[in-house]
Structures are given as structure tokens and as C-alpha cells.
Amino acid sequence: MKKNILSRFVLIGITVLLAIVFFLPNTPFFRYMPEWWKNTMPNKGITLGLDLQGGVHLVFEVEGDRAVEITAERISQSLRELLGKRKLTAEVSRNGLLITVSPNSMEVRKAIEESYPILTAAETGTKLVYKLSDREAERIKDNAANQALETIRNRIDQFGVAEPTIHRQAANEIVVQLPGIKDPKRAIEIIGKTAQLEFKLVDDSSPVAAEIPASIRMGEEDALLAKFSGKIPADEEILFEKIVNRETGEVTKRPVLLKKETMMTGDLLTEAKVNIDQRFNEPYVSITFNAAGAKLFEEITGANVKKRMAIILDGTVYSAPVIQERISGGNAQITGRFSMDEAKDLAIVLRAGALPAPIKMLQNVTVGPSLGTDSIEAGKMAGIIGTILVVLFMIIYYKLSGVIADFALLLNVILLLGAMASLNATLTMPGIAGIVLAIGMAVDSNVLMFERMRDELKTGKTPRAAVDSGYAKAFWTIFDSHVTTLITAAVLFQFGTGPIKGFAVTLSLGVAINLFTAFIGTKSIFDLINSRKEVRQLSI
Amino acid sequence: MLEFIKDTKIDFLGKRKYAFIFSGILSLVGIFAIIQIANGKANLGIDFAGGTSLQLKFEKPINLHEVRVALEEGGVRDFDLQDLPAVQKILIRAKKADQQLGQVSDTITGIISKKFTNNRYVVDSTTEIGPKVGGRLRVDAAQAVAMATLGILIYIAIRFKFDFAVGATVATFHDALAVLAVFFLLGKEINLILITALLTIAGYSLTDTVVVFDRIRENLRTRLKEPVEAVMNASINEVLSRTVVTSFTVLLTSLALFFFGGEVLHDFSLAMILGVIFGTYSTIFVASPIALFWERMGFFKKRK
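Owing to the predicted nature of the structure, the values given are computational and were not obtained by experimental measurement. (Residues numbered from 1 in each chain as written. Chains lettered and ligands numbered in written order. Predicted model: local features only at pLDDT ≥ 70, side-chain atom pairs only at ≥ 80, totals over all residues.)

Trainee: Requested: an account of the overall build of chain B, with residues and values cited.
Mentor: The helix and strand inventory of chain B stands at 10 helices and four strands. Put simply, chain B runs from its N terminus to its C terminus through helices and strands in the order α-α-β-α-β-β-α-β-α-α-α-α-α-α. Classification of the 304 residues of chain B by burial places 48% in the buried group. At a minimum sequence separation of 6, the contacts of chain B that also span at least 24 residues come to 80%. (Helix = DSSP H or I, 4+ residues; strand = E, 2+ residues; numbered from the N terminus. Buried ≥ 20, exposed ≤ 12 C-beta atoms within 10 Å, placed from the backbone. Contact = placed C-beta atoms within 7 Å.)

Quick look at the structure:
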């Protein structure tokens, strides 16, 4: 054997060995490998995509405008305080992102603009209209997205999901991938809840309060709000409490007239846990404030004894008990006819903290575990049958040369799996299609070379010369046809979603490896055959 | 040696009139399909249009008609049902997600749980796409098609002379348009996976064209005295068997995917099968005649 043929076989041997080592974790044999092997050798293999192992892929949009609005509301509150302190008389109101101060005066304007450089004046006529500067608004939105990301990560950690992927996409979107999750619906609810906990005072003394009905049916909320819209004072609002009748299970809504001002929020709590109410054997969530929160809670309750305080979560009243006495120690309870899971989930979101702004689900792809298993089985089946068909065809059509091409095909599959494992690539359902197609395309190079060799043989060349010139002449054709496939694969990788990226990866790796197996693999075998003795006839 | 095709002398270019009529009609349907897609009138998949799709697997066989009636009575609008009786599955697709994401799927599973109390099911998959994501995926797909086209054009322009590049590009477009036309006529869903298949077809269809053009180029250099048309015809005949064989092996694997690859890849493999067939046809009947036409128009560099 010539030296350079030998070295090519050694090269092929090494790559096959490497491929096997990398792919081993995906085979049942990996379990029987010794401990040192598992620790030091590649142990990750190919990862299955969500479409194959089951799980959820979620995309949420952080409503950044709401975060800016919340900031605008906070600023308008502190503007009121500021103007009050300076003894300046002006009305401050907020509408959407705009803060209006009227009437306009030099002193008011000076006071505001000195203290709040982040505000830009949109109108300076008889009244002052401010909005947050664009840069500030952008900063708030960016912060909101970052905070939401952290909060979601906390919630998922506490919920307990193995290997979640959570990252930001574009400016205001968050992608959450939870592989192999059992209860996707519950996870979606835990992530999506804003969990803005607020404490507000109930106004029972206003004459309007007496007019409000004690309960309404579900769905009548808007009509009630419309009816009372002009009547309730500017600093008050109506929110609803859900009432479930213990005997009949009937659900009704109880409108509650509240002071708009938030006395306290959930930021100051340190612990939220599930307890069981002994009387009804129902779970509830008990929360504990930190030192500052406990002090504030004590002050608020002390100042409002005999009044009712509503506990509000995301705009819904959960309960509105009467404050019997000043409450020290910083404990409160959230009751609301929860199931055990609901109470647990509420405790999780309260512990993890509120989202800085509401988030909206843009996309949800959930795949059950059995579908994934079915898909893998179907993909394997198609791959095996496709391979057998191609292998048989090549042998029938090209005889011994076909066997050589089949050897290259096998080499191609082994190296492709090995390459994917070494990159720790993700295999998706379209990715399986990519592998199967690559099997079909893998023999193309050999077909082109064999046909070239047949042409050369017809012109009367010796087998050795036919092989050499066949390879040389087919090279550029093969190269061109591969490059165009690689171009489309690259584009698909760039623009595709997860599953399609998987397709692009397998297809492009398959095509690239094909160049290697054709020009190093099969060529070496032909050279080996020709190097032994003068071959009279080529089985092609 | 076994040969399907032996020393043929078929006058392929002579049949270009029929080929142009056939391909012209297919391409026009394909272009019409694109216009309809742009206007949102084609059967767009929920990944482009937005909406909800659910795949439910039942314990016992289920009557599709009863499901349809139950959903209609439950107030679900604008939905399609598809049956996979072999695996006792049904596919439900509801388009246009005006409501908050998640509500449609809850409504549907609620109705079905209530109606079919003695036939339990598991939700095999849920896909919910909001209108914003749908719009973005449409833009992404359009960009991908544009980028891939540009990339292939540039590569061909570098590797071949202009007249060949025109022929190869037209043939490639023809293949993608023809597959799209068939899908449109069959009322099949136009979705992301189909776009993936179309781009793959575009990349692959060039393989055949390159094979033929390489040979034409080679023969043009040696057979200086013969007319271009004759050289082209001879070249196509010479490489006919490899054109057919390379396509055939990919066709074999595409067929394996179609019959055994499962529901997810069904339409994808159908597109590949069509693409491979159209690709082979266009290599012979479209690419070379276009190159010849370009030559006759005087754009072809004069042969020495």
C-alpha cells in the first residue's frame, strides 16, 4: 500500500473514532462505560429540541409603555408633594404618558424643571404638559425588560424546572423554554402573572358607597363602572372582589369603592408561604414584611383602625377585612378560596416579586412528551428505510462501486451524528428531515464521479486513469452543487426559528461532510484497489 | 454495466415550446399564489396568520362531525378540523387570534372535555401565535427568500457566465414557483416549513443545473464547429443518466420521509418530492433553453 493512501485511511479511522466517542452519550452503551470515561470524555451528545422531547417555548412581550406610565404616575405623585412643600398652588394630573400641571407659572416651572431634568416640556402655554424624555423612557423600558427577565427566572427556579432557557430577544421580548415540563398551563400562569400586590383603603363613608350594589353577576362589571363613572370622586376607584358561594359554588362579583392611593405594595415582603385555614380547611397565603415594611404596615393600620383595608392582586380585590387594631410584627394573609396549587403558585410569584409591567404572551408552542417520542420513532423509521433504499439502489446500479459509495454513505451518517454531538447541536424534527435528505444527497457526489468514470472508461482509458480523471473533472461540479445548498442552509440558519435552525444545521453539516467522504473516503478505496495490481476492469 | 439511459439522442431543445407553455402556466399560478399570500387570501398557516392549533389524542376513535358540531355550538369560529384516524388524533386549527392568547385553546379543550366525557384525551401539542409574531415571521420568511435568492445569484454569477446564470436562476425560480403553485392549487397550508422546503429545493435544484451547464461549457470549448443548440442537446443527453440518478436517490429518501416520517414532515416531504421532480424537469427543459434564448438574443459572448 502506498504511504499516502495509508495516511488517508488513518485519517478516516481517526475521524470515525472521534465521531463515535462524541456520539456515544446518545447511545445506550454510554451507561456501561466506566466512571472515568463518563467524567473525562465527551458526555453531552446531541440535545433533543423541544419538539422532540416535549416542553414549551414561550415568547412574552414586556409592555414597556405601561412601565413608563407607572413611572409617570409616581412622578406626578411626587410633583404634588414637591409643589405642596414649596407652597405653590397647581393641579397635577396624569393622562397616559403625559403629566399636566396647571396653571403655568414661572415658579412652578422652575421648581419642576430643577428637580426633574428627566422631564421634557411638551407644551408650555396656560398649562404645562410634561413627558418623560425619550432617553429616559427607553431606559425605563429596557430596565423593565431586564427586571421582568430576572423575575421570571426567579419564578421558574422556585417552580422547579430542569434546564430552563430564559433570555431576552429584541428590545422588549422574553423567550422562555421549559423542556420536558409536565404541566405547561400552570407554568404559563406563574410566568404571566404580574403579581402586583397592593394595599388600599376602602371608602365606606362616601354617599356613593351606599349606592353601590353588594354583588353583581359575572360579566356585569363594565356596565357598573359605566354607571358610576361620573359619580365617584377623582381620587377613588371601583375594583371587584370575586365571591364564591360555599354551598352552591356560584360565582359573583362584589364591587368595592377604594381610595386610589396605594398605601403599600408587595415590594417590602420577605416571605410568602401557604398555610391551611383550620375552619374551612382551605389554603391561604401568609406574607411577612421586612423591617421597613413591618413598620410601615404598623403605621398604616394604626392610623386607620376600624376602617377596611383591601388586599389587591393585579387589580382584583382578594379580601377587605376591617382593621381591628394596630398590627405589629409585619404579617398579613391573603385568602380567596384557593386550591392548593393556586395558593402554592401565588406564594411563588409573591416571593419572586412583581413584574415591573404587565407582560403579554405572543407565542406559545407546547409539545407533549408522547408526540415527541412518536416523532423520533417516525424519523428513525424514515431514516432507516431511506438509507436501505439508497444503499440497495446504489449496489444494483453501480455494483462494486455502489458498495464503495454505500461505505461513503455510512461514513457520512456516522460523521454527521458525530459532528452534531461534538457541537452539542440540537436535533429537531425538521433536523431529522435534514439528515434523511442529506443521506439522499450524500450519494450524489459519488454518482457524479462514477458517471464521469464511466465516460472516461468509454473513451478507452485504463481504470486507474479513469478514476483519477473522473475525480478531477467531477470536483468542481460537486463543489458548485454543494455550495448552493450551503448558501440556502446558511440563510435558513440566520432567519429560521428553532426547529428550522435545526434543519439548517443538519443539512449544512451533511453537505460539508459529504465533500470529505467523497474526496477522501471513496477516492482512497479506489486508489487502494488500483494500487494492488493493474486492474483490468472496474466494477461500475 | 447497468444503465437506465443509454446513448440517447433526444432533441430536448426542440421541445422547448411545449415546455415553456407548461412552465409558464405553472409559474403564473405560482406568482398568483404569492399575490394571494401577500393579500392574506391563501391558506396561510397559523405561524404566518396567527391563531391556535391543537392536536388531541383520544383513547377511543372519535367522530369528527360530532367534534365540529360541538365546537360550533360552543361558539368557536373560523376553525378547520383534520382527522388522523390511525392514531386517534384530531387536529384543530382556529385562525385569527383577536382574543388574548390562550383563551381559544382553553375554550376548545373546555368544550371537548364537556362533550366527550367517556373518551378521554391528552393534548399532544398546542401552538398559539399572536398576530405580532405572525407578522414578523412573514417578514422573516420574505427576507430569507430574498437573501437566499441573492446569495445563489451571486454565486452563479461568479462561477458561470451571465447567460448561464440567467438560465440557472430562471430554472431555480421556476421550481420553487411550481411547488408553491401545486400547494396553492391543492389548498395546502402555506407555512414556515413549506418556505424551508422551497429554499431547500432552490438550493438543491441547482445541483442538476450545474451538472448540465458544466458539461455544456466543456463541450462548447471542444466542439467549436457545431451550432450551440446541437452542443447543448448533446450535452444534456450525455449527462442525462446522472441527472436522473442523483435526483432519484434524493427522491427515494423524500419518499421515505413522506410515508414514514410522521405527520409533522408530511407536507415538507411532499414539497421535496415535487421539488426534486420539477427540478429535474427544469434542468432539462427550462435552464438550457433559457440560456440558448439568451444567446440568440445576442447577449451571449460570441464564440471564438
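What follows picks up the thread again.
Trainee: Got a sec to walk through the overall build of chain A? Specific residues and values, please.
Mentor: Of regular secondary structure, chain A possesses 15 helices and 20 strands. Taking 2.2 N^0.38 as the reference for a compact globule, 540 residues should give roughly 24 Å; the C-alpha atoms of chain A span a radius of gyration of 35 Å, well beyond that estimate. Overall, chain A is about 110 × 60 × 45 Å in size when its C-alpha atoms are taken along their principal axes. Taking all 540 residues of chain A together, the buried fraction comes to 43%. Counted over contacts in chain A with a minimum sequence separation of 6, partners at least 24 positions apart contribute 70%. (Rg over C-alpha atoms; globule rule 2.2 N^0.38 Å.)

Trainee: Let's hear about the interface of chain A and chain B: which residues, and what values?
Mentor: Tallying the contact residues gives 57 residues for chain A and 56 residues for chain B. Among the elements that take part in the side of chain A that touches chain B, helix 12 (residues 369-422) of chain A stands out by supplying 15 residues, more than any other. For the side of chain A that touches chain B, the class distribution of residues is 36 nonpolar, 16 polar and five charged. The pairing of strand 19 (residues 359-367) of chain A with strand 4 (residues 121-129) of chain B spans five bridges and is antiparallel. Bridged to N364 of chain A within strand 4 of chain B is E128 of chain B. (Nonpolar A, V, L, I, M, F, W, Y, C, P; charged D, E, K, R; others polar. Pairing = 2+ DSSP bridges.)

Trainee: How would you sum up helix 4 (residues 103-115) of chain B? Please name residues and give values.
Mentor: Residue and element names in this part refer to chain B. Compared with an ideal rise of 1.5 Å per residue, which puts 13 residues at 18 Å, helix 4 spans 18 Å between its outermost C-alpha atoms and is within 8% of the ideal. Restricting attention to buried positions, one finds in helix 4 the residues V104, S105, I108 and I112. For helix 4, the angular spread of buried residues about the axis comes to 95°, placing them on one side. Residues D106, G110, S113 and K114 are exposed on helix 4 and point more than 90 degrees away from its buried face. Looking at the buried side of helix 4, the elements it contacts are strand 1 (51-58), helix 3 (64-73), strand 3 (89-95) and strand 4. (Expected span 1.5 Å × (residues − 1). Arc of directions from axis to C-beta.)

Trainee: Can you tell me about the nonpolar core, naming the residues and giving the values?
Mentor: Within the largest apolar cluster, 220 residues are counted, with the highest numbers of intra-cluster contacts made by L350 of chain A together with V179, L198 and A271 of chain B. A total of 19 residues in this core trace back to one element, the largest contributor, which is helix 12 of chain A. What V179 of chain B contacts, discounting residues up to four positions off in sequence, is L198, I201, A271, L274, G275 and F278 of chain B. L56, I92, A94 and I112 of chain B belong to the second largest nonpolar core, which has 11 residues in total. (Core = buried A, V, L, I, M, F, W, Y, C linked by C-beta atoms within 7 Å.)

Trainee: Would you mind going over the packing of helix 1 (residues 16-38) of chain B against helix 6 (residues 162-185) of chain B in detail, with residue names and values included?
Mentor: All names here are of chain B. Axis separation between helix 1 and helix 6 bottoms out at 7 Å; the angle between their running directions is 65°. Overall, the two elements helix 1 and helix 6 adopt an arrangement that is roughly perpendicular. The handedness of the crossing between helix 1 and helix 6 comes out as left-handed. Side by side, helix 1 and helix 6 meet where S23, L26, S27, V29, G30, I31 and A33 of the first sit next to H174, L177, A178, L180, A181, F184 and L185 of the second. When grouped by side-chain class, the residues that make up the contact of helix 1 with helix 6 number 10 nonpolar, four polar and no charged. (Axes fitted to C-alpha atoms, helices over the stretch in contact; angles between N-to-C directions. Parallel < 35°, antiparallel > 145°, perpendicular 65-115°, else oblique. Left-handed = near helix turned anticlockwise from the far one by under 90°.)

Trainee: Which residues make up the domain arrangement of chain B, and what values do they have?
Mentor: Along its sequence, chain B is organised into domain 1 (13-44 + 133-296) and domain 2 (51-129). Its C-alpha centre places domain 1 of chain B at a distance of 38 Å from the equivalent point of domain 2 of chain B. (Domains from an automatic or database assignment.)

Trainee: Lay out the pairing of strand 5 (residues 119-124) of chain A in plain terms, naming residues and giving numbers.
Mentor: Residue and element names in this part refer to chain A. Bridge analysis of strand 5 against strand 6 (residues 128-132) gives five bridges, and the strand direction is antiparallel. Each residue of the ladder has a partner; that of T124, found in strand 6, is L128. The antiparallel pairing of strand 5 with strand 6 creates a hairpin that spans three residues between the two strands.

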